[in-house]
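Letter by letter, the chains look like this.
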Amino acid sequence: GQEKDRIILINFLNALLEGTAFDDTIVDVTYEDKELLGDSPAERNMISDIRCTTKDSRRILLEMQLNNHVNFSDRMTFYASKAIVNQARKGDWDFKLDSVYLISLTNFMLDNEDGRVKVDRCICYTLTGKPVSDVLRFIYIQLPAFTKTDPEECENDFERWIYTLKNLEKMKTIPFAPLPADA
């Protein structure tokens, strides 16, 4: 992401989050591209991509992953957990955490039994399925599950964004005009 594309990114993220477990709207993003160091030389480092601020003043750390890896779900859990652990403060601390949303755009299906385009996972009560907390979320966009072939088939901004992402290399312009972030 680049600063000049902030509004486009905010619109994309809000379309992505629409209809998910925690209803909030992103109003600002900060590009971090900052390496978070492991606790020891033997531990892996990770790159923090974007920090978002919502209209309810919640802060979200956003991690983007595209490529498939061995043990992909475990790897995403590791990255998200590292972003949570790195929020620790020395001394008197109330353990208030920023939310960590790990968003993965995948060119593969996570689970061949799940044909949904958007898979939204969070920590929830097993009996009711209701979220326990908004601190940890995994949102997977399974691009192969999106089968619309014409932008006119898209019914909402989320579908228009996914159509655009899947067909970007063939396009000269975005086939729809994203609304300003404050609209």
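For clarity, every value in this text was computed on a predicted model and none was experimentally measured.

Asks: In this structure, what is going on with the packing of aromatic side chains? I would like to understand it.
Replies: Two aromatic rings, taken as a pair, are described by how far apart their centres are and by the angle between their planes. Under the definition given, this model contains 6 aromatic pairs. Where phenylalanine 12 meets tryptophan 161, the ring centres are 5.5 Å apart and the plane angle is 75°; that geometry is what we call edge-to-face. A residue pair is termed long-range when its members are at least 10 positions apart, and phenylalanine 12 in helix α1 (residues 6–17) and tryptophan 161 in helix α3 (residues 157–167) qualify at 149 residues. For the pair shown, phenylalanine 12 and tryptophan 161 are each scored as buried. Each ring, one from phenylalanine 138 and one from tyrosine 140, has its centre 6.4 Å from the other, and the planes form 10°; the classification is stacked. An identical accessibility class is assigned to phenylalanine 138 and tyrosine 140; each is buried. Every member of this aromatic cluster is reached through a ring pair, and the members are Phe72, Phe108, Phe138 and Tyr140.

Rules and cut-offs
Residues numbered from 1 in each chain as written. Predicted model: local features only at pLDDT ≥ 70, side-chain atom pairs only at ≥ 80, totals over all residues. Heavy atoms only, no water. Phe/Tyr/Trp six-rings, centres within 6.5 Å; stacked < 30°, edge-to-face > 60°. Helix = DSSP H or I, 4+ residues; strand = E, 2+ residues; numbered from the N terminus. Buried < 20%, exposed > 50% of the residue type's maximum accessible area, 1.4 Å probe, protein only.

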